[in-house]
Amino acid sequence: MFERKKPVGKVVALPAEQIEPSPFQARRSFDEAELAGLAASIRENGLLQPVTVRRVGPDRYELVAGERRLRACKLAGMDKVPAIVRDCEDRETAALGLLENIQRADLNPFEQARGLQDILALWDCTQAEAARRLGMAQPTLANKLRLLQLTPDQQQFILDNHLTERHARAVLRLPENRRSEALITINSRKMNARAADRYVEQLLNAPPRPPRRLPMVRDVRIFVNTIDHAIRLMTDSGVPATAHREEGDGYIEYTVRIPTGAAGK
């Protein structure tokens, strides 16, 4: 029978088309050149480390760990892939796949942070407990999770411009509305991580910018003087009119209050 050829816990050869990708994959992108290199090595030497799968239906398997290896096997033209079949529930499957990816150095920092976030949700535990189980210092875990406070566009900008996790952590010290501008400046000036830290420190210690006062053009000045003159005429005539003037960024707002005759009776 088919099942006897694929005992749980032993390495078996599974048809590549029967293996589905894991829905818990933390990695969002795969380096095509790296995959091509791994595929060439697999053609020459075979797959040295089997992938891990679980059965999800008749002749159907779901990847638990090893998506990079599976992709390289398919790229190498292998019809069958060495695999270990495990009996895993969803929580264990997700944790195993995420842990394997997190332990790899080639995950980008945001993929790693998302993986850690998913593990916390799967384990339903505190950061301190997750850090203990992962063999990681709790502040390190917290710092990695904070990276997800950057917007997707900011994360992609960091990746596209080959900035580091330290660059990302530096701008996180700034208010949300100043982070994108800081990232652009850091990149344009080719700052290393230490210089980025100093730059952010300067931004944080700089005195607040005074509100910008726009010069009043001649026509607006005439209009304002006209309002002021009208108010003075009314008050001189015994009408207790009042006016409140407020200047904003690019506008002047007047609130004029003129008592009516009925109100004064």
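So, how was this worked out
Residues numbered from 1 in each chain as written. Predicted model: local features only at pLDDT ≥ 70, side-chain atom pairs only at ≥ 80, totals over all residues. Heavy atoms only, no water. UniProt positions renumbered as here; feature names shortened; annotations may be inferred. Helix = DSSP H or I, 4+ residues; strand = E, 2+ residues; numbered from the N terminus. Contact = heavy atoms within 4.5 Å. Core = buried A, V, L, I, M, F, W, Y, C linked by side-chain atoms within 4.5 Å. Buried < 20%, exposed > 50% of the residue type's maximum accessible area, 1.4 Å probe, protein only. Pairing = 2+ DSSP bridges. Axes fitted to C-alpha atoms, helices over the stretch in contact; angles between N-to-C directions. Parallel < 35°, antiparallel > 145°, perpendicular 65-115°, else oblique. Left-handed = near helix turned anticlockwise from the far one by under 90°. Nonpolar A, V, L, I, M, F, W, Y, C, P; charged D, E, K, R; others polar. Salt bridge = Lys/Arg side-chain N within 4 Å of Asp/Glu carboxyl O.

Word for word, the UniProt comment on the protein under Subcellular location (unreviewed entry) is "Cytoplasm, Nucleoid". Looking at the Sequence similarities (unreviewed entry) heading of the UniProt record, one finds this comment for the protein: "Belongs to the ParB family."

## Observations regarding the environment of P21
With respect to the secondary-structure elements, P21 resides in the loop between β2 (19-20) and α1 (32-45). For the pair P21 and G66, spaced 45 residues apart in the sequence, the C-alpha separation amounts to 9.4 Å. When residues no more than four places from it in sequence are discounted, the contact partners of P21 are E62, L63 and E67.

## Side note on the nonpolar core
Judged by nonpolar contacts, the single largest core of 21 residues is most densely connected at L14, I19, I42, V51, V53 and V81. It is α1 that contributes the most residues to this core, 4 residues altogether. Within the second largest apolar cluster, 19 residues are counted, among which are L147, A168, L174 and L183.

## A look at the pairing of strand β7 (residues 251-257)
Here 7 bridges tie strand β6 (residues 242-248) to β7, and the two strands are oriented antiparallel to one another. Considered in β7, the bridge of T242 is made with R257.

## Some words on the packing of helix α9 (residues 176-188) against helix α10 (residues 193-205)
Close contact between α9 and α10 brings their axes to 11 Å; oriented N to C, the two are set at 140°. Relative to α10, the element α9 is oriented oblique. Two packed elements cross with a definite hand, and for α9 against α10 that hand is right-handed. Only A196, Y199 and L203 of α10 make contact with α9, whose side of the interface consists of R178, A182, T185 and I186. Of the residues in the contact of α9 with α10, the class split is 5 nonpolar, 1 polar and 1 charged.

## Quick notes on the pattern of salt bridges
In a structure, side chains of opposite charge can pair up when their charged atoms sit close to one another. Inspection of the entire model under this criterion finds 9 salt bridges. Where E67 meets R71, a salt bridge forms, and the shortest distance between an N and an O atom there is 3.0 Å. Remark: R71 and E67 occur in helix α2 (residues 67-75); sequence separation between them is 4 residues, near one turn of the helix. For R166, the salt bridge identified is with D197, shortest N-O distance 2.9 Å. Taken together, the positions of R166 in helix α8 (residues 165-171) and D197 in helix α10 put the pair 31 residues apart, joining distant regions of the chain. One continuous salt-bridge network, built from bridges that share partners, spans K144, E165 and R169.

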